[in-house]
There are 2 protein chains.
Amino acid sequence: MEQSFLAYLRGRCRSLPQVSVGIGDDAAVIEPVVGQQIACVDQIIDGVDFLSDQHSLGDVGFKSMAINLSDVAAMGAVPTSALVTLALPKSNATRIAGEVYEGIFEAATQFKVAIAGGDLSTYDGPLAISVTLLGHVPAGGAWLRSGAGEGEAILVTGPVGGSIRGRHMRPNPRVELAAKLRELVQVTAAIDISDGLSLDLDRLLAKSDVGCELKIDTIPIHDDAIELSKTSGRTPFQHAWSDGEDFELIVTMSQSDADKVLATDVGATLTQIGTTTSRTGLWKLENGRHERLSPQGYVH
Amino acid sequence: MEQSFLAYLRGRCRSLPQVSVGIGDDAAVIEPVVGQQIACVDQIIDGVDFLSDQHSLGDVGFKSMAINLSDVAAMGAVPTSALVTLALPKSNATRIAGEVYEGIFEAATQFKVAIAGGDLSTYDGPLAISVTLLGHVPAGGAWLRSGAGEGEAILVTGPVGGSIRGRHMRPNPRVELAAKLRELVQVTAAIDISDGLSLDLDRLLAKSDVGCELKIDTIPIHDDAIELSKTSGRTPFQHAWSDGEDFELIVTMSQSDADKVLATDVGATLTQIGTTTSRTGLWKLENGRHERLSPQGYVH
């Protein structure tokens, strides 16, 4: 099926100026970027990251792009092109590939990403999609996890928790918001929330060699976390604290930058949830006493 | 296993100047290239492209890199960095990943490629490896399949056929030879032989809208093709004509460039096998008559 499906893809792929030669040669030829290049790869597999008997294959395709777009956003970068490998179950391979690609094209169009290349195989196994995403940042301007200093504001880009109710299949990667933040302020460190707010925050802080004091009641809790708590036996806060796949960003910046950005309409709900500290670990201040919090989330 | 294995990988990955930030952040940060960028992706899967009960996992890892390096060489490009996804069977996942990565590191070291990023999953399925390779070419200088003109020489970079006897697991991608050819002459079109000499030649010619007249007895036949013919019921020539996974290059250039490069020691056996013609299709001249040949090989 590969040759005929690739011919179909060539027809479907929009031509974008960043890719000179796309699908159909031994490799893609991509225009050079200004600044530095960003590259990441993430795969999702039926039975592990989604369930093909529950989720539409279009959503699955969209998600395979979105999780990578979220990583690019977490670097403060602009996405440009993607390469996609599909490992397809032998039965109905062409139909499955077609449906998955509808979601991939939808994400590509929405985020102005060119599909520069790909590979298809059929095999005795579940649907698996691996997407490599390329992008660019101004030289020296990537938002690393390691860049947070002491006494900086910690912000989250939207309410978290309960994404398993459905949002996790249609993530809203914060690509546009990242571009706006870059214009407005100097982000010192960033990470996207894929494994849980507290776990990913802990990773960022550990890389930056700082800790934090959180204002627990400022953490924005998603309606899905409240809804889920009605049946899960856990509190809305517990869902917000540890649920994965929110794909919001955690960003740090100076307090004055935070004040500035919180007073600006950036088209998304930005919330300050705490401040970095020289003392490592996650802490909250309650009744005048510091209490250490335990990061929780999805550990691979 | 992912976090601890990624920590191991970070320790093992050599630091190379082309990658500023490698494994361990949301994405890699890669230095900009001079000219244009090349990107390709190819996956190999247990039971389809290799057999884990017959082939060493180190060879499998090496092959996953080598097939992509061959694509980069076929563009006349210099490889720089790679991103790797592994889908691992749940049982023995860490051991399997470690052994595969030994082969990946071997290829990376040999070809001076940085491992810039990756992803690991465990699942109910066979070992699958997807490698994205990035590289660069001088602006406008990529060797496309479509660049061959009429009356040009067609060369192959080494003997072909019978790779299934073992060579197919340890391909020798023609990265270095491609760089030498770029220095010496103007290659007008190129493709690597992954699906068979005649099939891949036919693809190149079709893209270039030309045909060819082959001197059949000049086609360099590998010893493996001769050996295989003793038991396969096919002739050595049939193996050379249609066997896949040789990973030699087919290149076209002006006859004067071909004469020049054939008179030069380029560290590999270059052989002219024919000439491009305005009449499309593959042809041989026998007893003063043109006879049309049928391309054969591995069709996905």
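This is a predicted model, so every value here is computed, not measured.

A. Seen up close, the overall build of chain A. Each helix and strand counted, chain A has 8 helices and 13 strands in total. For chain A, whose C-alpha radius of gyration is 20 Å, the value lies close to the compact-globule estimate of 19 Å for 300 residues. Across its three principal directions, the C-alpha atoms of chain A cover 70 × 45 × 30 Å. Sequence separation of at least 24 residues holds for 83% of the intrachain contacts in chain A that already meet a minimum separation of 6. For chain A, the computed accessible surface area is about 11,600 Å², with 48% contributed by carbon and sulfur atoms. Between the centroid of the 24 positive side chains of chain A and the centroid of its 38 negative side chains there is a distance of 2 Å.

B. Spotlight on unusual backbone geometry. Residues and elements named next belong to chain B. A positive phi angle, close to 60°, is found at glutamate 245, a residue other than glycine. Accessibility expressed as a relative area gives 23% for glutamate 245, which makes it partly exposed. The residue phenylalanine 247 is not glycine, and still its phi comes out positive at about 55°. Mapped onto the secondary structure, phenylalanine 247 falls in the loop between helix 7 (236–242) and strand 10 (249–253).

C. Expanded view of the UniProt feature "domain: PurM-like N-terminal" (unreviewed entry) in chain A. Under the local residue numbering, the UniProt record ascribes the feature "domain: PurM-like N-terminal" (unreviewed entry) to residues 24–137 of chain A. Helix makes up 32% of residues 24–137 of chain A and strand 39%, whereas the separation of the span's terminal C-alpha atoms amounts to 28 Å.

D. Quick look at the side chain of glutamate 152 of chain B. All names here are of chain B. In this structure, glutamate 152 sits in the loop between strand 6 (128–137) and strand 7 (153–156). No salt bridge is formed by the buried glutamate 152; the nearest opposite charge belongs to arginine 182, separated by 14 Å. The contact partners of glutamate 152, leaving out residues within four places of it in the chain, are Thr188, Thr252, Met253, Ser254, Gly274, Thr275 and Thr276.

E. How the structure looks around the UniProt feature "binding site: Mg(2+) 5" (unreviewed entry) in chain A. In the numbering used here, UniProt assigns the "binding site: Mg(2+) 5" (unreviewed entry) feature to Asp195 of chain A. When you line up the elements, aspartate 195 of chain A lands in the loop between strand 8 (189–192) and helix 5 (197–208).

F. Spotlight on the sheet that holds strand 4 (residues 78–89) of chain B. Strand order in the open sheet formed by 6 strands is 1(A)-2(A)-3(B)-6(B)-4(B)-5(B), and the pairing between neighbours is mixed. On the outer flanks of this sheet lie strand 1 (19–21) of chain A together with strand 5 (114–123) of chain B, each paired with one strand and no other. When strand polarity is set aside, the average angle formed by the axes of neighbouring strands in this sheet is 20°. Where strand 4 of chain B and strand 6 of chain B come together, 9 bridges link them in antiparallel fashion. Counted as the bridge partner of threonine 85 of chain B is serine 130 of chain B from strand 6 of chain B. Where helix 2 (residues 57–74) of chain B meets the sheet, it contacts strand 3 (36–45), strand 4, strand 5 and strand 6 of chain B, and its direction lies at approximately 145° from that of strand 3 of chain B. Of the strands in this sheet, strand 4, strand 5 and strand 6 of chain B touch helix 3 (residues 93–110) of chain B, which is tilted by about 165° from strand 4 of chain B.

Rules of the game
- Residues numbered from 1 in each chain as written.
- Chains lettered and ligands numbered in written order.
- Predicted model: local features only at pLDDT ≥ 70, side-chain atom pairs only at ≥ 80, totals over all residues.
- Heavy atoms only, no water.
- Helix = DSSP H or I, 4+ residues; strand = E, 2+ residues; numbered from the N terminus.
- Rg over C-alpha atoms; globule rule 2.2 N^0.38 Å.
- Contact = heavy atoms within 4.5 Å.
- Areas by Shrake-Rupley, 256 points an atom, 1.4 Å probe, with all protein chains shown as cover.
- Lys, Arg positive; Asp, Glu negative; His and termini not counted.
- Charge placed at Lys NZ, Arg CZ, Asp CG, Glu CD.
- Buried < 20%, exposed > 50% of the residue type's maximum accessible area, 1.4 Å probe, protein only.
- UniProt positions renumbered as here; feature names shortened; annotations may be inferred.
- Salt bridge = Lys/Arg side-chain N within 4 Å of Asp/Glu carboxyl O.
- Pairing = 2+ DSSP bridges.
- Axes fitted to C-alpha atoms, helices over the stretch in contact; angles between N-to-C directions.

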